[in-house]
Amino acid sequence: MKKLSLIVLTLFLSLFLTAQSVALGEWKDYLSYNSPTYIAEENNKIYCVSNGGLFYINKNDKTINRLSKVNGLSDIGVKQLAHCYESNTTIIVYQNCNIDLLKNNYIINLSDIKRKAVSGIKKINNITVDKKLAYLSSSLGLIVVDLVNSEIKETYNVEEQNENVTINGCAFLEDSIFVATNNGLYVANTSGPNLADFNNWKLRDSSYVFCDNIIVANEALFLDTSSQLTSISFNNNALIQTFSDSLQINNTTYLTHSKFENLKHAWLDDDNNLWVADSVNGLLKFNDYEYQETYMPEGPVRNEIYSLEYEENKLYMCHGGHANFTTNSLINDGVSIKKNYDDWINYDRYKLGNARDILEVAVNNGTEYYASWYHGIPEMRDGELVVKHGFANTNGALDTCWYSNNRIRISDIKFDSRENMWALSSEVNHPVVVKSNNNTWYSFSINQNQVGLFLDDLLIDRYDQKWGVLAKGNGLFVFTENGTIEDPSDDMCQFLNTNIGEGNLPSLQTYSLAEDLNGEIWVGTDKGIAVFYNPEAVFSEYNYDAQQILITTGDYGQYLLNEEKIKCIAIDGANRKWIGTEKSGVFLLSEDGQNEILHFTKNNSPLFSDNIIDITINHENGEVFIGTSSGLISYRSDATKGSFSQNKTNVFPNPVESDYSGPIAISGLITNANVKITDMAGNLVFEATANGGQAVWNGKNKDGERAATGVYLVFSTDIYGKEKTVSKILFFH
């Protein structure tokens with residue numbers, strides 16, 4: 001018996017779709033759940049694997065409940081699960097061979113198979129539960145998991161261990177155990193000696209070499225050997241064969257439906273409800289073979305992210321894309337938009353006027369402009385296409401790339417202070433494009449050869465200078481039309497590189513740009529961060545070169561994150577910097593970059609991946625949206641954007657119940673306000689300076705003890721030193 005290392009985590013099952021706003025310092029997942037692939041049952045729960053995520057339906061109250069790293073799972077990319085009633089354990093396996101055991105709201109993680117180094121393919125294909133054991137059919141053999149002791153008991157091999165045999169399924173019939181492999185069907189006696197010895201297994205039938213699974217149904221073996229089958233299942237005396245557009249039940253009932261477009265799995269539960277996983281239309285419920293309803297958690301249409309923007313109280317998640325700025329990805333899913341708490345809509349290729357590969361969005365007074373890497377700029381308003389801007393209706397300002405008469409590659413769009421819309425267009429002679437505030441189009445040259453000219457991010461600073469990333473290792477450029485769009489005679493363009501006096505970038509491999517609250521331009525490269533402290537001097541005779549931030553520890557100094565590829569930078573309401581890296585997760589840095597406040601990785605937080613694609617922030621409540629290579633997640637930070645005058649404040653939570661011990665956020669404050677909290681008698685309980693527009697109270701008094709039950713007053717001091725009461729907090733000890 002081999003006992004593997006395990007980690008025990010608490011599973012927090014309170015993250016329902018009807019939950020309130022995410023609490024301060026907490027995480028929330030925004031994964032896509034719209035493509036179900038597998039179904040399992042546990043008492044009153046129906047589990048569904050979808051897009052590698054996991055949710056379950058509570059059959060009693062019909063609530064939809066998400067399960068992810070945010071509320072206890074140890075990994076991402078769920079592949080399959082099964083429940084053992086005898087041990088009251090649900091076993092969850094992941095695509096990377098990690099294993100979770102869910103027992104009484106606790107997660108026990110068995111990670112040794114995931115961490116095991118093997119040559120060739122390593123995957124788990126199916127789960128079979130017998131008595132209090134789970135049998136995992138895998139490329140490593142038949143792995144036996146003891147669900148009582150939460151350990152890997154042993155591994156069975158049906159041939160010599162150096163033979164390339166993959167086990168696809170396992171089933172028990174009478175006193176025999178059968179396994180389906182890529183070399184045929186093997187059998188052994190369940191009471192036989194040492195099943196870990198391949199000599200105790202016999203080849204029953206060598207013809208079944210293309211068997212995806214094997215189950216016992218009605219006291220007979222049933223093998224999935226047909227390429228037309230997507231899955232088989234047996235429960236409640238119902239053998240279900242699932243095809244892409246239909247079901248066959250017990251070889252007697254044939255079921256079709258208009259919602260059957262791409263079926264993956266089906267299950268008849270213990271209450272005679274039929275559940276069907278359709279990767280297009282969601283989790284479908286039938287009763288007496290009549291359609292009842294569809295279950296699909298709200299979320300984006302897919303997990304792949306190219307960019308994130310939070311504009312006018314909406315989150316925009318653009319899905320991309322291209323392959324390193326050359327080959328189009330031909331993604332039709334456009335953009336997913338989160339409107340309210342959890343209400344999502346999707347604009348696909350057809351909604352966007354046949355525009356594919358959406359990279360970015362800019363929003364101005366309710367009108368949305370999308371950057372397509374193939375079809376120009378679709379303009380949307382109130383969910384309807386206004387016009388798709390291209391070569392013909394912009395007087396050629398949106399030009400087609402040099403080798404194609406129909407491909408317009410827009411990488412980014414931004415508005416300047418006068419509501420002129422600017423865009424970057426690749427592989428053309430005039431790559432800087434603008435639609436003026438009177439709807440006239442212009443384009444500008446930057447004196448670069450159009451062949452191989454690929455542009456990425458665009459930033460417009462407070463001086464209306466346009467900063468652009470020259471992709472594929474060509475540094476940056478800064479362009480200004482000097483406020484006269486129609487007059488090209490005063491246009492200027494400056495290219496920034498690694499030379500002193502010409503930008504002093506740490507590397508030509510630039511990836512991201514951000515302007516902080518002081519007007520400084522922060523640049524992300526493959527050698528860390530550089531800062532332009534005097535961006536207004538770019539077109540002057542004065543020094544404007546970027547500087548790296550030196551971090552010193554004793555006699556040792558190192559430039560900030562100089563070994564990291566900086567994929568994205570976001571500035572919060574306290575002027576702190578949220579830094580997304582390719583391999584090391586997310587850093588939160590102080591205003592000047594000298595201090596590391598937080599560092600989140602996939603190992604110390606619910607982050608789905610350490611490869612961060614983009615970050616954007618809801619400055620009203622401090623929610624930081626983090627786009628990873630494996631999906632979208634958010635973290636509620638303690639900083640919001642402050643106001644110039646004191647208006648309505650918000651306290652969350654309020655009232656503060658006696659069983660709540662987390663942080664209490666006071667938002668809607670004047671920027672960096674001094675905040676005091678007193679009891680009704682005027683005794684000072686707490687004092688702090690706001691992070692931007694938000695202060696945080698830990699619920700304790702000046703002596704470090706939990707505050708007494710009562711009503712507390714919140715005072716805020718404005719920039720003139722005037723103090724006023726801005727809120728009240730009802731607090732229970």
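Residues numbered from 1 in each chain as written. Predicted model: local features only at pLDDT ≥ 70, side-chain atom pairs only at ≥ 80, totals over all residues. Heavy atoms only, no water.

(A) Structural view of the overall build of the chain. Check the secondary structure of the chain and you find one helix and 65 strands. Projecting the C-alpha coordinates of the chain onto the three principal axes gives extents of approximately 90 × 75 × 60 Å. For the chain, buried positions account for 56% of its 733 residues. Across the chain, contacts joining residues at least 24 apart in sequence account for 48% of those joining residues at least 6 apart. When the accessible surface of the chain is summed, it comes to about 31,200 Å², and 44% of that surface belongs to carbon and sulfur atoms. The average position of the 57 basic charges and that of the 90 acidic charges among the side chains of the chain differ by 3 Å. (Helix = DSSP H or I, 4+ residues; strand = E, 2+ residues; numbered from the N terminus. Buried < 20%, exposed > 50% of the residue type's maximum accessible area, 1.4 Å probe, protein only. Contact = heavy atoms within 4.5 Å. Areas by Shrake-Rupley, 256 points an atom, 1.4 Å probe, with all protein chains shown as cover. Lys, Arg positive; Asp, Glu negative; His and termini not counted. Charge placed at Lys NZ, Arg CZ, Asp CG, Glu CD.)

(B) A look at the pattern of salt bridges. Per the stated rule, a full pass over the model turns up 23 salt bridges. With a closest N to O distance of 3.8 Å, aspartate 29 and arginine 66 form a salt bridge. Here aspartate 29, found in strand β2 (residues 27-29), pairs with arginine 66, found in strand β6 (residues 64-67); they are 37 residues apart in sequence, far enough to count as distant. Taking relative accessible area as the criterion, aspartate 29 reaches 0% and is therefore assigned buried. The class of arginine 66 is buried, set by a relative accessible area of 2%. We note a salt bridge from aspartate 75 to lysine 114, for which the minimum N-O separation is 2.9 Å. Here aspartate 75 is found in the loop between β6 and β7 (78-84), whereas its partner lysine 114 is found in helix α1 (residues 112-115), with 39 residues between them in sequence. (Salt bridge = Lys/Arg side-chain N within 4 Å of Asp/Glu carboxyl O.)

(C) Seen up close, the environment of serine 137. By the element assignment, serine 137 lies in strand β12 (residues 133-138). A relative accessible area of 0% places serine 137 in the buried class. Along the backbone, serine 137 and phenylalanine 444 are 307 residues apart, and their C-alpha atoms lie at a distance of 61 Å. With near-sequence residues (within four places) excluded, serine 137 lies in contact with Ile124, Asn125, Asn126, Leu142, Ile167, Asn168, Gly169 and Cys170.

(D) Spatial organisation of the sheet that holds strand β15 (residues 167-173). Reading across the sheet, the four strands line up as β15-β16-β17-β18 and stay open at both edges, with antiparallel pairing between neighbours. Looking at which strands have only one partner, the edges of the open sheet turn out to be β15 and β18 (202-205). For this sheet the average axis-to-axis angle between neighbouring strands, irrespective of direction, equals 30°. With six bridges connecting them, strand β16 (residues 176-181) and strand β17 (residues 184-189) associate as antiparallel partners. Note that in β17 the partner of phenylalanine 178 across the bridge is valine 187. (Pairing = 2+ DSSP bridges. Axes fitted to C-alpha atoms, helices over the stretch in contact; angles between N-to-C directions.)

(E) Examining the side chain of lysine 435 more closely. Assignment of secondary structure puts lysine 435 in strand β41 (residues 432-435). For lysine 435, the side chain forms a polar contact with the side chain of asparagine 439, separated by 2.8 Å. Filtering out sequence-adjacent residues up to four positions away, lysine 435 remains in contact with Tyr369, His389, Asn420, Met421, Thr440 and Trp441. (Polar contact = N/O pair within 3.5 Å; in protein donor to acceptor, adjacent residues only side chain to side chain.)

(F) Spatial organisation of the packing of aromatic side chains. This model, assessed by the stated rule, comprises 26 aromatic pairs. Here tyrosine 30 and tryptophan 344 contribute two aromatic rings whose centre-to-centre distance is 6.1 Å and whose plane-to-plane angle is 55°, an arrangement assigned as tilted. Linking tyrosine 30 in the loop between β2 and β3 (36-42) with tryptophan 344 in strand β34 (residues 344-347), this pair joins segments that are 314 residues apart in sequence. For tyrosine 30, a relative accessible area of 3% corresponds to the buried category. Arranged with centres 5.2 Å apart and planes meeting at 85°, the rings of tryptophan 402 and tyrosine 403 form a pair that is edge-to-face. Relative accessible area serves as the criterion here: at 44%, tryptophan 402 is assigned to the partly exposed category. Taken together through their ring pairs, the aromatic side chains of Trp27, Trp578, Phe600 and Tyr635 make up a single cluster. (Phe/Tyr/Trp six-rings, centres within 6.5 Å; stacked < 30°, edge-to-face > 60°.)

(G) Here's a closer look at a nonpolar patch on the surface. A contiguous nonpolar surface patch, about 330 Å² in accessible area, is contributed by Met680, Val711, Leu730 and Phe732. With respect to the helices and strands, the residue phenylalanine 732 is situated in the segment after β65 (723-731). (Patch = residues over 30% accessible without salt bridge, like charges linked within 9 Å, V, L, I, M, F, W, Y side chains within 5 Å.)

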